[in-house]
Amino acid sequence: MSEQKQTVHIGTRRSALALRQVDLVIAALQPHHPNVHFQVHALATLGDKNQTASLPSLGKGLWTNELEAKLFNNEVDFIVHCLKDVPTTLPEGGKIGVVTEREDPRDVVVMKKKWADEGKYKVLADLPQGAVVGTSSVRRAAQLRRQYPRLVFKDVRGNIETRMRKCDEEDYDCIILAAAGLLRMGYDERIAQWLDSTTEGGGMLHAVGQGALAMEVREGDEKTLEIIKPLCHEKTMLATFAERAVMRSLEGGCSVPIGVETKWVEDNKLQLKATVVSLDGKQSVDGQTVELVKTIEEAEEMGRKLAEDLAKRGAQNILDVVNQGRASGGALKVGDL
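By convention here, each chain's residues receive numbers from 1 onward along its written sequence. For a predicted model such as this one, the threshold for reporting local features is a pLDDT of at least 70, and the threshold for listing and counting side-chain atom pairs is 80 or more; totals across whole chains, interfaces and linings nevertheless cover every residue. Note: side-chain values were computed over all heavy atoms of the structure, leaving out hydrogens and water.

Describing the side chain of Arg-244
Rules: Comment: elements are numbered from the N terminus, with helices defined as DSSP H or I runs of at least four residues and strands as E runs of at least two. Relative accessibility decides the category of a residue: with a 1.4 Å probe and only protein chains considered, values under 20% of the type maximum give buried, values over 50% give exposed, and everything between is partly exposed. Residues counted as positive are Lys and Arg, residues counted as negative are Asp and Glu, and His and the chain ends are not counted. Within this document, salt bridges are pairs made up of a side-chain nitrogen of Lys or Arg and a carboxyl oxygen of Asp or Glu, the two lying within 4 Å of each other. We call two residues in contact whenever any of their non-hydrogen atoms come within 4.5 Å of each other.
Mapping Arg-244 onto the fold places it in helix α10 (residues 234-249). Among buried Asp, Glu, Lys and Arg side chains, Arg-244 stands out as unpaired, with Glu-300 the closest opposite charge at 6.6 Å. Sequence-distant contacts of Arg-244, defined by excluding residues within four places in its chain, comprise Leu-83, Val-86, Pro-87, Thr-88, Leu-90, Ile-96 and Val-208.

And the structure:
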């Protein structure tokens, strides 16, 4: 007589990328739990439903609130999130149980197909005065304005396929996307340029948590935590918790111009870089630190200390201006995605 399968319910957004990510999670978990049936519950969040408003105007939790309601109502056992979409302070009763091994966290340039096919423009430095760059991220736009003041930045919303189609068919010369989504969806060939702190002409730090998946569980649900634990990647979890501590300490949500970059330079030594840039790209505060990190507490303390240093050197003033503009109904043309 065969053993009866246990059913574990997973919550996710219903975009093609989100569903692909859940497939990857299930494929990785199944060998550890052959007698578990993983059932997917996909739904549209506020961020998915509203494709016209700028993301900052939709507030925090625009990608997570509806899913968390199902978690706390015991309709799902855990949620698979893109970690960069998860607010740095979770609602009471929620807990990030696992962070998976990180995909490439960098941002990339996707050129208009016409330009790529002709070989006319290959990198951002090739683009002429007034060329239009599509991004729905204040972080990306602010950092690139600092490097390329001659370029024009225009909001672009939608899933990966929609944004690439808009790039090819509308008045964009290129768009900026996270490499992780393109790689997971098999669109590697559209990547024209990689952007990070060391790329010539790039000079851009990525979003907090970018490239990592997080699994949120109910606080105290040890049974579910035990099921998903095999996917926990300690180095990624420590690095991303340090990043999240920077943002939390600066009171920055995912729609403010804060960029980070982490790298393990020795076995347990973590290098953490962070930048805060004004929306026009004219002011910026950068910082970095290297510390021995073995626990979540040490990672978060490292992030807090770097954030305090940035704040003392003017980062908080930059963010205050951003937040004042939003509070007064000022035009924040782009959000962070």
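Picking up after the structure, the text goes on.
As for the environment of Arg-304
The residue Arg-304 is located in helix α11 (residues 296-312) in this model. Separated by 59 residues in sequence, Arg-304 and Ala-245 have C-alpha atoms that sit 5.6 Å apart. Each residue touching Arg-304, except ones within four places of it in the same chain, is listed here: Ala-245, Ser-249 and Glu-297.

A word on the confidence of the model for the chain
As a general rule, the predicted coordinates of low-pLDDT regions are not to be interpreted in detail. To be explicit about the condition: Confidence scores here are pLDDT values: one per residue, from the predictor, ranging 0 to 100.
In the predicted model, the chain carries a mean pLDDT of 89, and 88% of its residues have values of at least 70. Counted against residues more than four places away or in other chains, residues 47-60, with its pLDDT under 50, gives 34 contacts. Segment residues 330-337: pLDDT under 50, and 36 contacts once partners within four positions in sequence are set aside and those in other chains are kept.

With respect to the sheet that holds strand β8 (residues 174-178)
Quick reminder of the rule: Two strands form a pair only when DSSP identifies at least two bridges running between them. The convention used is that axes are lines fitted to C-alpha atoms, helices contributing only their stretch in contact, and that angles between N-to-C directions extend from 0 to 180 degrees.
Pairing is mixed in the open sheet, where five strands are placed in the order β7-β6-β8-β5-β9. Taken across any chain shown, the strands that pair with only one partner, and hence form the sheet edges, are β7 (152-154) and β9 (193-195). Within this sheet the neighbouring strands show an average axis-to-axis angle of 30°, counted without direction. Bridge count between strand β5 (residues 107-111) and β8: five bridges; the pairing is antiparallel. Within β8, the position partnered with Met-111 by the bridge is Cys-174.

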